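Here are the chains, one letter per residue:
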Amino acid sequence: MAENMSLLEGLEDELTCSICLCLFENPVSLICGHSFCANCLEATWNDRVSSLSCPQCRMVFTSKPELKKNTVLSAVLDAYRIKAGVSEPVKEHFEVKKTDPDAIKCDNCMEAKAVKTCLTCMASYCEDHVRPHRENAIFRAHQLCDPLPDLMERLCSDHGKLMEFYCSQHQSCICSTCLQDMHKGCEFITADERRFKQKTDLNDKLNILEVKTDKNQQVITQMKEQQNKLKDLAVTRKRILEAEYRQIREMIDRDEKEAMLAIDKEQEKGQSKLVSLMKKFNENVEKMNRTKSEINSLLDQSQSLEFLKASVDLPSVVNFEPYNPRINVESKEVIAYHSSAVALKEWITRLMDHPLENRIYVIKPGLGNQFPVIRSETPAFQPNSRGMSHMRFPSPDRGPKANPSGAKQKMSSKSANKDQKDHKERKDQKPNKSRNPSKGANPVFSKSMENLLDIAVKPVDIPDINPPASSPAVQNFIKRSDLLKYGTILNFDVRTAHKRISLSENNTKVTVSDETAYYPDIPLRFSVCSQVLCTKGFSQGRHYWEIKMSSNNFCGLGLAYGRIDRKGPSSRLGRNADSWCVEWFNVKLSAWHNSIETVLQNPNPSRVGVLLDCDQGSATFYNVQDRVYPFHTFVFPFTEAVYPAFWIFSNGSSVSFCKLSN
């Protein structure tokens, strides 16, 4: 057995291809006697750019030899695999593909290289045997072309005829018999026309790809240049900002040094005063001690006649009552430094709490003429009894509203005089020193402005809030009676009300306040935004209700699924996929859904009607006057019951349901 194994191992070396170093697969032999795998030899010759030769002995061939399968070697391989227990590879039919036109032989002599192929005879001919086709008039109608390697593939497998047509409907090549038979009635073109069309189409696509490739390369080059520019711009911007912040620090450091010097001066002044008083009191003590010594001396001589005659007068300093003066460093200058430092710290703290894009409007309120700015109703700085200033936002009512046309807002002479008078009174008013700051001082920010600091106000174009009478919004109205037939009775759900919201009038009115209500903490309650839902939700039919607003400034009306988030930052109406709302923010009216804002024309309504059509998946909001004017419609396929939802923000604002009657 060991001897047989050694013989098999020696035989394996003889049955290995010298190119792939594996057992032969479809072995072929050259005239030099060397054998190779057919695929290995073909791949080797296809990679050559010079003359053809044997990969082992380097014998050069003038033309590519015809490769034939070595049957004896294949039989030996099969016997070896059986003895050695080697699995047999998948056998493939060995066929040398004539992909090279130079390898096409003449079908007449089978030796010479073909120079022409006759598409009528379906045969290839060398130079000698193609002469009858060129010289004999009988073959004048025959179509000659360059040698075709796929001549047999051009024949119809069903009829054996040349496939000279192309069926556009079935996208296949057909012969003349197929055209009269199974492809009768189909649209067709000749094979040459199809080839030309295909070639043209591919060339067009190639041109498109080349153009797009060039454009992409140009854009990539531009982006690389942009990267370098960005780097330079970043370096420049950093240098400028560093200089600005350095100057800010230098100014603060300089002001700090001046404040410290002011305190030192006050300390020196107090020390000087104390030294002067101590010197004076020491002199008084010395005078009184001398008088005490005289009296003691007389007391020692109380038995003498001199004692009876003696008299001692008290020094005048006895009439001076000593006191310890209250000296401190709290001069007006020091207090001013301290007050300004505290106010500056508070102002910077509040400024840093604002979104970055809003800080410029706080620093420069004059920019509010160009863009809408978050404002409150108190002056920018309010001094308290200690001389400290708290940062305030300018009131929106005191700044001009944004106008897309850029025209300046005009003010009546009466209101202008009133504003000037109010400004003068505030300017002349002095802080009351006897006021207790802990009880009467205005807070830095009211609670109703807490969440407002988290809202980023971006520059937007505010539409004209008073549309012309000819606008579609004014002409498009319907009768209110047409909506009242869908009227429904609603109540606010106290379980969902935020703690800043109080309910009244049988839960048909809600008011927002800084005073928090003692509601229990339950999962249904909104804890971030001052919002509330209704007790009733709708999933089918039409429903109509009307809401009266005390102020359409910082409030929102809409709808929400019952699953809306109550605790997270995305619980704000319209800032998630579970709610829809129209929202008044300053003078801007917007429609919100899934954090997408659509700026609307603001009709400034005091009463708003809402028609919910669950079957059609729509919710329309109306400005209710003598007639109702629609100003926005949400179209959305509601997948579950939706609840009327409300957001109110400004302190003292209220929203209530109206009694529906004609």
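Up top is the structure.
Everything numeric in this text was worked out from a predicted model, so none of it was measured.

Asks: An account of the sheet that holds strand S7 (residues 144-145) is needed here, citing residue identities and associated values.
Replies: Strand order in the open sheet made by the 3 strands is S6-S5-S7, with antiparallel pairing throughout. One side of each edge strand has no neighbouring strand; the edge strands of this open sheet are strand S6 (123-125) and S7. Inspection of the sheet shows strand S5 (residues 116-118) paired to S7 by 2 bridges, in the antiparallel sense. Each bridged residue has a counterpart across the sheet, and for Thr117 the counterpart in S7 is Cys145.

Asks: Describe helix H6 (residues 191-300), naming the residues involved and giving the relevant values.
Replies: Its 110 residues give H6 an end-to-end C-alpha distance of 156 Å, which sits within 8% of 164 Å, the value for a rise of 1.5 Å per residue. Within the span of H6, buried status applies to Ala191, Ala259, Ala262, Glu266, Gly270, Leu277, Phe281, Asn284 and Thr291.

Asks: Would you mind going over a negative patch on the surface in detail, with residue names and values included?
Replies: On the surface, Glu250, Asp253, Asp255, Glu256, Glu258 and Glu333 cluster together into a patch of negative charge. Here the negative patch takes 5 residues from H6, the largest share from any one element. Take Glu333: it is sitting in helix H8 (residues 332-353).

Asks: I'd like to hear about the sheet that holds strand S9 (residues 172-174), residue by residue, with values.
Replies: Taken in spatial order, the 3 strands line up as S9-S8-S10 in an open sheet, and their pairing is antiparallel. Of all strands in the sheet, those bounded by a partner on one side alone are S9 and strand S10 (188-190). If you compare each strand with its neighbour and ignore which way they point, the axes differ by 35 degrees on average. Relative to S10, strand S8 (residues 165-167) is paired through 3 bridges, and the arrangement is antiparallel. Each bridged residue has a counterpart across the sheet, and for Tyr166 the counterpart in S10 is Ile189. Running over the sheet, H6 touches S8 and S10 and is turned about 90 degrees from S10.

Asks: Mind laying out the packing of aromatic side chains, listing which residues take part and the relevant values?
Replies: Using the criterion set out here, one finds 19 aromatic pairs in the structure. Plain terms: the ring middles of Phe621 and Phe634 are 6.0 Å apart, the flat faces sit at 80 degrees to each other, and that makes the pair edge-to-face. Placement of Phe621 in strand S22 (residues 618-624) and of Phe634 in strand S23 (residues 628-635) is noted, with a sequence separation of 13 residues between them. Pairwise contacts between aromatic rings join Phe554, Phe585, Trp647 and Phe649 into one cluster. Just above the ring of Phe649 sits the side chain of Arg500; from NZ or CZ to the centre is 5.7 Å.

What counts, and where the lines are drawn
Residues numbered from 1 in each chain as written. Predicted model: local features only at pLDDT ≥ 70, side-chain atom pairs only at ≥ 80, totals over all residues. Heavy atoms only, no water. Pairing = 2+ DSSP bridges. Helix = DSSP H or I, 4+ residues; strand = E, 2+ residues; numbered from the N terminus. Expected span 1.5 Å × (residues − 1). Buried < 20%, exposed > 50% of the residue type's maximum accessible area, 1.4 Å probe, protein only. Patch = residues over 30% accessible without salt bridge, like charges linked within 9 Å, V, L, I, M, F, W, Y side chains within 5 Å. Areas by Shrake-Rupley, 256 points an atom, 1.4 Å probe, with all protein chains shown as cover. Salt bridge = Lys/Arg side-chain N within 4 Å of Asp/Glu carboxyl O. Lys, Arg positive; Asp, Glu negative; His and termini not counted. Charge placed at Lys NZ, Arg CZ, Asp CG, Glu CD. Axes fitted to C-alpha atoms, helices over the stretch in contact; angles between N-to-C directions. Contact = heavy atoms within 4.5 Å. Phe/Tyr/Trp six-rings, centres within 6.5 Å; stacked < 30°, edge-to-face > 60°. Lys NZ or Arg CZ within 6 Å of the ring centre and 35° of its normal.

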